Amino acid sequence: MANLWEEKFSAEGYLYGDEPNEFIREQAWRLEGHTRVAALAEGEGRNAVFLARKGHEVTAWDYTQSGLIKTQQLAERHHVRIETGQKDLIHDPVPSGEYDASIMVFGHFLKKDQKTVFDKLVSVVKPGGIVMLEVYSEDQLRYGTGGPKSVDMVYDPADLLQWIKSYKVLHFFYGEQERVEGKGHTGTGHVIQAILQK
């Protein structure tokens, strides 16, 4: 799997474009006053750079070296600094309670590993911190506008609701959204969004 993503991110240009995900753009106001942000499974860095341009101190983790190189190139182009680190979010540890917020956009993981990654997304954040994610739902398979082709790599909204129920839920959405993000995601898709306060 890592080699597949290395190959995708090694290609010229930005697979998902160099503009931030629309959900992150729309909801970034919630991160005001939350200085340190961790971006998990950040790919080529478009969301991390967007948040850095808004004044956040951003750490981007991905398990591809090629994605992290593109993140640094995008950061340089926009004259911002991003701390990057290569991490396998299923197996590698993450710091506990060090960040004011965390984000993950379209983190594609097998169902058996999704809760592990979600737990890390929450664990890196301090009490009172914000966690934001947008992922493809199982319904996305009918749309064919991006994302994995296997039901085992997309998310069940019932799982997400179960995982977030012990936190303060600020936003939850399950349904269609337009996404125009490079060659990787284009057109109407079916997503799950969650924003919670730890």
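Note that the coordinates shown come from a computational prediction; the quantities given were computed from them, not determined experimentally. (Residues numbered from 1 in each chain as written. Predicted model: local features only at pLDDT ≥ 70, side-chain atom pairs only at ≥ 80, totals over all residues. Heavy atoms only, no water.)

Moving on to the UniProt feature "domain: Methyltransferase" (unreviewed entry) in the protein. The UniProt record marks residues 39-129 with the feature "domain: Methyltransferase" (unreviewed entry), using the residue numbering of this structure. As annotated, residues 39-129 has a helix share of 37% and a strand share of 27%, and its two end C-alpha atoms lie 14 Å apart. (UniProt positions renumbered as here; feature names shortened; annotations may be inferred. Helix = DSSP H or I, 4+ residues; strand = E, 2+ residues; numbered from the N terminus.)

Moving on, we get to the nonpolar core. Residues Ile 24, Leu 31, Leu 51, Val 58, Ile 82, Ile 103 and Met 132 are the most contacted members of the largest nonpolar core, which totals 28 residues. Residue assignment for this core shows that the elements contributing at least two residues are α2 (22-27), β1 (36-40), α3 (46-53), β2 (57-62), α4 (65-77), β4 (99-105), β5 (125-136) and β7 (185-197). Per-element accounting of this core gives the leading share, 5 residues, to α3. Not counting the four nearest positions on each side in its chain, Met 132 is found in contact with Phe 23, Ile 24, Gln 27, Leu 31, Ser 102, Ile 103, Met 104, Ala 194 and Ile 195. One finds Trp 61, Val 94, Tyr 99 and Phe 118 within the second-largest nonpolar core, a separate group that totals 25 residues. (Core = buried A, V, L, I, M, F, W, Y, C linked by side-chain atoms within 4.5 Å. Buried < 20%, exposed > 50% of the residue type's maximum accessible area, 1.4 Å probe, protein only. Contact = heavy atoms within 4.5 Å.)

Before going further, it helps to examine the environment of Ala 52. Along the chain, the position of Ala 52 falls in helix α3. For Ala 52 and His 79, which are 27 residues apart along the polypeptide, the C-alpha to C-alpha distance reads 9.5 Å. When residues no more than four places from it in sequence are discounted, the contact partners of Ala 52 are Val 58, Val 80, Arg 81 and Ile 82.

This part covers unusual backbone geometry. A positive phi is found at His 79, a non-glycine position, where the angle reads about 60°. Note on placement: His 79 falls in the loop between α4 and β3 (82-86). Residue His 79 is classed as exposed on the basis of its relative accessible area of 73%. Here the phi dihedral of Phe 106 falls at roughly 50°; this positive angle occurs in a residue that is not glycine. Judged by relative accessible area, Phe 106 falls into the buried class, the value being 6%.

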